[in-house]
Each structure stands twice: as structure tokens, then as C-alpha cells.
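Here is what each chain is made of, one letter per residue.
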Amino acid sequence: MRTPLLSSGRKGRPPAEPQVFSASAADNLRGSALMMLSMAAFICNDALMKAVTQSLPLYESIAIRGAMVLLTMVLIARAQGGVRLQVPRGDVWPLALRTGADVVSTVCYLLALRRMALADISAIMQALPLAVTLAAALFFHERLGWRRLLAVGIGFLGVLLILRPGTGAFDLWSAVALAAMLLIVLRDLVTRTFSVGVGSSAIAFYAALAVMLSGFVLGWTESWRVPTLAEFALLAMAAGFLTVGYITAVATMRVGEISVVAPFRYTSLVWAVVLGLAIFGEWPDLWTWAGSALVVGAGIYTILRERRLQGRG
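Cut-offs used in this document
Residues numbered from 1 in each chain as written. Predicted model: local features only at pLDDT ≥ 70, side-chain atom pairs only at ≥ 80, totals over all residues. Heavy atoms only, no water. UniProt positions renumbered as here; feature names shortened; annotations may be inferred. Helix = DSSP H or I, 4+ residues; strand = E, 2+ residues; numbered from the N terminus. Rg over C-alpha atoms; globule rule 2.2 N^0.38 Å. Buried < 20%, exposed > 50% of the residue type's maximum accessible area, 1.4 Å probe, protein only. Contact = heavy atoms within 4.5 Å. Phe/Tyr/Trp six-rings, centres within 6.5 Å; stacked < 30°, edge-to-face > 60°. Lys NZ or Arg CZ within 6 Å of the ring centre and 35° of its normal. Patch = residues over 30% accessible without salt bridge, like charges linked within 9 Å, V, L, I, M, F, W, Y side chains within 5 Å. Areas by Shrake-Rupley, 256 points an atom, 1.4 Å probe, with all protein chains shown as cover. Salt bridge = Lys/Arg side-chain N within 4 Å of Asp/Glu carboxyl O. Expected span 1.5 Å × (residues − 1). Axes fitted to C-alpha atoms, helices over the stretch in contact; angles between N-to-C directions. Parallel < 35°, antiparallel > 145°, perpendicular 65-115°, else oblique. Left-handed = near helix turned anticlockwise from the far one by under 90°. Nonpolar A, V, L, I, M, F, W, Y, C, P; charged D, E, K, R; others polar. Core = buried A, V, L, I, M, F, W, Y, C linked by side-chain atoms within 4.5 Å. Polar contact = N/O pair within 3.5 Å; in protein donor to acceptor, adjacent residues only side chain to side chain.

Under the annotation held in an unreviewed UniProt entry, the chain carries the name DMT family transporter and is attributed to Paracoccus pantotrophus. Quoted straight from UniProt, the Subcellular location (unreviewed entry) entry for the chain says "Membrane". Check the Sequence similarities (unreviewed entry) section of the UniProt entry for the chain; it says "Belongs to the drug/metabolite transporter (DMT) superfamily. 10 TMS drug/metabolite exporter (DME) (TC 2.A.7.3) family."

Trainee: Before we go on, may I ask you to explain the overall build of the chain in this structure?
Mentor: A tally of regular secondary structure across the chain gives 12 helices and two strands. Secondary structure elements of the chain, listed N to C terminal, follow the sequence β-β-α-α-α-α-α-α-α-α-α-α-α-α. A globule of 313 residues ought to have a C-alpha radius of gyration of about 20 Å, and the chain, at 20 Å, matches this closely. Overall, the chain is about 65 × 50 × 40 Å in size when its C-alpha atoms are taken along their principal axes. Within the span of the chain, comprising 313 residues, buried residues form 46% of the whole. For the chain, the proportion of contacts with a sequence separation of at least 24, taken over those separated by at least 6, is 87%.

Trainee: Just to check I follow, could you spell out the packing of aromatic side chains for this structure?
Mentor: The geometry of an aromatic ring pair comes down to the distance between the two centres and the angle between the two planes. This structure, assessed with the given rule, holds four aromatic pairs. When the ring of phenylalanine 205 is compared with that of tyrosine 206, the centres are 5.7 Å apart and the planes differ by 75°; the resulting orientation is edge-to-face. Relative to tryptophan 289, the ring of tryptophan 283 has its centre 5.6 Å away and its plane inclined at 55°; by these criteria the two rings are tilted. Under the relative-accessibility criterion, tryptophan 283 is labelled exposed at 56%. In this structure, lysine 50 is placed above the aromatic ring of phenylalanine 280, and the distance from its NZ or CZ to the ring centre is 5.2 Å. One residue, arginine 115, lies across the ring of tryptophan 173, its end atom 4.2 Å from the ring centre.

Trainee: I keep staring at a nonpolar patch on the surface and nothing clicks. Help me out?
Mentor: Taken together, Leu277, Trp283, Leu286 and Trp289 make up a surface patch of nonpolar side chains, about 490 Å² in accessible area. The exposure class of leucine 277 is partly exposed, given its relative accessible area of 42%.

Trainee: Sorry if this is basic, but what is going on with helix H11 (residues 267-280) here?
Mentor: Helical periodicity: at 3.6 residues per turn, an α-helix aligns residues three or four positions apart in one direction. Under the 1.5 Å per step criterion, the end-to-end length of H11 is 19 Å for 14 residues, consistent within 8% with the ideal 20 Å. All of the buried residues along H11 are Thr267, Ser268, Leu269, Ala272, Val273, Leu275 and Gly276. Following H11 by one or two positions, glycine 281 adopts a phi angle in the positive range, close to 70°.

Trainee: Teacher, can you tell me more about the packing of helix H2 (residues 58-79) against helix H3 (residues 92-115) here?
Mentor: For any two helices packed against each other, one specifies the crossing angle of their axes together with the interaxial distance. Orientation of H2 relative to H3, taken along the N-to-C sense of each, is 125°, at an axis distance of 11 Å. Classed by the angle they form, the pair H2 and H3 counts as oblique. As H2 runs across H3, the sense of the crossing is right-handed. Facing Leu58, Tyr59, Ile62 and Arg65 of H2, the residues of H3 in contact are Thr106, Val107, Leu110, Leu111 and Arg114. Within the contact of H2 with H3, the residues separate by chemical class into six nonpolar, one polar and two charged.

Trainee: What's the story with the nonpolar core in this structure? I'm lost.
Mentor: Note that soluble globular proteins tend to have their nonpolar side chains buried in a common cluster. Grouped together as the largest cluster of nonpolar side chains are 61 residues, with contacts concentrated most on Ile62, Tyr109, Leu110, Leu118, Ile121, Val185 and Leu235. Not counting residues up to four positions away in its chain, the partners in contact with leucine 235 are Met49, Val52, Leu56, Ser61, Ile64, Arg65 and Met68.

Trainee: What am I meant to see in the UniProt feature "transmembrane region" (unreviewed entry) in the chain here?
Mentor: When the UniProt feature table is mapped to this numbering, "transmembrane region" (unreviewed entry) covers residues 118-140, 149-166, 172-190, 202-220, 232-251, 263-280 and 286-304. Taken end to end, residues 118-140 is 87% helix and 0% strand, and its first and last C-alpha atoms sit 33 Å apart. Secondary structure within residues 172-190 divides into 100% helix and 0% strand; the distance between the first and last C-alpha atoms comes to 27 Å.

Trainee: Help me out: how do you make sense of the side chain of threonine 243 in this one?
Mentor: Inspection of the secondary structure assignment puts threonine 243 in helix H9 (residues 229-252). Look at threonine 243 and you get buried, because its relative accessible area is 8%. Within the local environment of threonine 243, its side chain forms a polar contact with the backbone oxygen of alanine 239, the two atoms lying 2.9 Å apart. Among all residues touching threonine 243, those that are not within four sequence positions of it are Val69, Thr72 and Ile76.

Trainee: Would you mind going over H9 with me for this structure?
Mentor: Relative to the 34 Å expected for 24 residues at 1.5 Å per residue, H9 spans 34 Å between its end C-alpha atoms, a close match to the ideal helical length. Buried within H9 we find Glu231, Leu235, Ala238, Ala239, Leu242, Thr243, Gly245, Thr248 and Thr252.

Trainee: How should I be thinking about the UniProt feature "domain: EamA" (unreviewed entry) in the chain in this particular structure?
Mentor: Within this structure's numbering, the places UniProt gives as "domain: EamA" (unreviewed entry) are residues 30-163. Spanning residues 30-163, this segment combines 80% helix with 0% strand, and its end C-alpha atoms are found 35 Å apart.

Trainee: Teacher, can you tell me more about unusual backbone geometry here?
Mentor: For residues besides glycine, phi is generally negative; the peptide bonds are generally trans as well. One non-glycine residue, histidine 141, lies in the positive phi region at around 55°. Its place among the elements puts histidine 141 in the loop between helix H5 (128-139) and helix H6 (146-163). For histidine 141, a relative accessible area of 69% corresponds to the exposed category.

See below:
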């Protein structure tokens, strides 16, 4: 996903000559640490949800965790002065589409997560920035030179190595995980169409509310029961990690240079391997390692190439 570098102006300079934001080494270090913390928090949430949904019904888990996250968001928003939930009329349908994509992608991801190795599904999701880059070029006509296009192709080749369609390694849940990634691409593209009248807090609030409600609605297909104390604790920890992930993800973009900070998003794969092995006894096979190397390498190259092009501009 193409993300503009932060910019700032200095007094005494005409507004026609904006300065590219240049972070200090300390800022870049803090930003990198926040990115790694954000990725670790998201993967910890995934691991906890994978663990708890082995015994507790999936949609019940989604509903309970969603209620916890929503309550936390409301408390944080009240401490910061409240959330502005009004949405301009022209943004109502884009918001509905984005929220729907968010809900379905969450359900698909968690369905696949229950049955796939944590490292495998995480490796597939590493291709998300490459998919968004390609989609932005197709639908928003953003410039995509042959080098970055080649990098995107190599990244998708890595995904194919992980999924291995046509073999026993590719099953229904691999397809569901891929669908979840494509829905997240749709969500991110729709987000870029919002007017300035739509606040980020409102988008996050409606998404969290919709995900929670989807758990209650889809829960009619399950036989719910009262969670055990251990299951409730796992859900509470998952909600806490998810909230930390959201907050640090926003903070990351405000500290340090994106070209320095963004590559650290791929540390999530390291966390996925470690937690998958420690909690579930999962170890990626050679194909997953090779595919992951292609995806991560292509993603980092795309980020660095973007920085170089912006430097020329």
C-alpha cells in the first residue's frame, strides 16, 4: 500500500516548497519498536483465538471478544474526549461496504486460523501490502513501474509456494485464508475513498461494532455455552492484545520514517513461527519457508523502491 511520507514545513519557507519529514535515529528506533510491538500483539491475539476456539464455539468467541474490544475503545475514546460518529451522507455506502468487508474477512480469517498452522496463515497475510499495491495501480491508476510490478509477481509466487494449489497442501481453508486477504484488500481500497469528514475513530468504532454483532447473529448456528474461567481469560487477553495492536499500529505511523519502520511489519512472521511451535507444536515446512522468503523479500524491496521514487520527487 502506498503511504505518503509525513511532511512538515518550516517558518520562513514558502508553502510551495514542503519539506520531507526526516526523523531522527531515536524516532526511527521508537517507530521500529512500536511496529514490532504491534505485530507481536496481533499475532498473540491470533494465537489466543486459535487456542480458545478449539473448544469454545467460534462465533461466541467473536461476540465476546468483540464486546470486550468495543468496551475498551469506548472507554479510551471517553478519556480522549469522545468519538465523533457522524458520517457524511456521501460516505455512508462506502462505510457500509468497508464494514461488510471487514466483518467477512474477520470471519474467514478466524475460520481458517482454527485449522491452519499459525505460521502458514501469517505467511499468506504477508502478501497483503503487495496485493494492495497492485490493486491501487489497477483501480486508482497509481504509478507502478516494472521493478515493483516484478516484485509483486515474485511475492505472489511466494504465496503460491505456500499454498501449493493442486496438491494435498491446498485445501478449503487455504482458499478461505486467501479470500480473507483479498477482502482486506477491498477494505483498504474503500478506506481510501472516504472524505475528510469521516474520522478514523468512527471507522474503527463501526467496524468493531459490526464484528461483534456478526458474532451474535451467526451464533444462532452454534450451541453456545457459558465459557470456563480459562476460556474467558483467553478471550480477555485476546481483546487486550488486539486493542494494543490497533493503538500501536496508529502510533507507529506517527513516529519515524515509514521506509525505515515498515519493513519491521514482517517480524509478525517470526512471532507466528515461535508461538505456533511453542503453543501448538507447529513447524513450517520447507515450501512455507521458501515462499515466506519470497514474499518478505518482495515486500521489503517494494517499500525501499517506493522510498527511492519519493526521494526523486
